Amino acid sequence: MGVNGRIGLLFLTWLVVVVVASLLIGSERKRQWFYMRDTSKSFFNRRGVLGELMQFGFPRTREGWMVFVGFLAMILVSGYIVVG
């Protein structure tokens, strides 16, 4: 498998990890831990089911920052391993 295939597989893995983390955290804790920047639902900022599930927002508590740092570390380390 070439570099492009590995990057594509890595991207899909990242999406799965974010969705699973979102399901494990739950919507109530996401609202507590993260600030959702845009709460209005107009035609221009509508998201699909997957987009709503994967939206975290800006971290505002210690738990939110820990989730953010965990995602960032996962992305950087796995990207370095796959591409490097």
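Residues numbered from 1 in each chain as written. Predicted model: local features only at pLDDT ≥ 70, side-chain atom pairs only at ≥ 80, totals over all residues. Heavy atoms only, no water.

Asks: Help me out: how do you make sense of the nonpolar core in this one?
Replies: Across soluble globular proteins, nonpolar side chains show a tendency to be buried alongside one another. Core analysis: the biggest nonpolar cluster contains eight residues, these being V18, A21, I25, W33, F34, F56, V67 and F71. Within the residue set of this core, elements represented by two or more residues are helix 1 (3-25) and helix 4 (62-83). Sorting elements by how many residues they give to this core places helix 1 first, with three residues. (Core = buried A, V, L, I, M, F, W, Y, C linked by side-chain atoms within 4.5 Å. Buried < 20%, exposed > 50% of the residue type's maximum accessible area, 1.4 Å probe, protein only. Helix = DSSP H or I, 4+ residues; strand = E, 2+ residues; numbered from the N terminus.)

Asks: Is there a simple way to think about the packing of aromatic side chains in this case?
Replies: Here a ring pair, both rings aromatic, is described through the centre-centre distance and the interplanar angle of the planes. Overall, the coordinates contain four aromatic pairs when judged by the stated rule. Relative to F71, the ring of F56 has its centre 5.3 Å away and its plane inclined at 75 degrees; by these criteria the two rings are edge-to-face. Here F71 lies in helix 4 and F56 lies in the loop between helix 3 (49-54) and strand 2 (58-59), a separation of 15 residues in the sequence. Neither F56 nor F71 differs from the other in exposure class; each is buried. Each ring, one from W65 and one from F68, has its centre 5.6 Å from the other, and the planes form 90 degrees; the classification is edge-to-face. Here W65 and its partner F68 are both found in helix 4, three residues apart, which amounts to about one turn of the helix. On the basis of relative accessibility, which here comes to 38%, the residue W65 falls in the partly exposed class. Among the aromatic side chains, those forming a connected cluster through ring pairs are F34, F56 and F71. (Phe/Tyr/Trp six-rings, centres within 6.5 Å; stacked < 30°, edge-to-face > 60°.)

Asks: In this structure, what is going on with a nonpolar patch on the surface? I would like to understand it.
Replies: Where nonpolar side chains cluster on the molecular surface, the patch consists of Y35, F58, W65, F68, V69, L72 and L76 and spans about 690 Å² of accessible area. Counting residues per element, the nonpolar patch draws most heavily on helix 4, which supplies five residues. In this structure, L76 sits in helix 4. Taking the relative accessible area as the measure of exposure, L76 reaches 55% and is therefore exposed. (Patch = residues over 30% accessible without salt bridge, like charges linked within 9 Å, V, L, I, M, F, W, Y side chains within 5 Å. Areas by Shrake-Rupley, 256 points an atom, 1.4 Å probe, with all protein chains shown as cover. Salt bridge = Lys/Arg side-chain N within 4 Å of Asp/Glu carboxyl O.)

Asks: Where do I start with the pattern of salt bridges in this structure?
Replies: A complete count under the given rule lists one salt bridge for this structure. Residue E28 is joined to R31 by a salt bridge in which the shortest nitrogen-to-oxygen separation is 2.9 Å. Remark: R31 and E28 occur in helix 2 (residues 27-33); sequence separation between them is three residues, near one turn of the helix. Judged by relative accessible area, which is 45%, E28 ranks as partly exposed. Judged by its relative accessible area of 46%, R31 falls in the partly exposed class.

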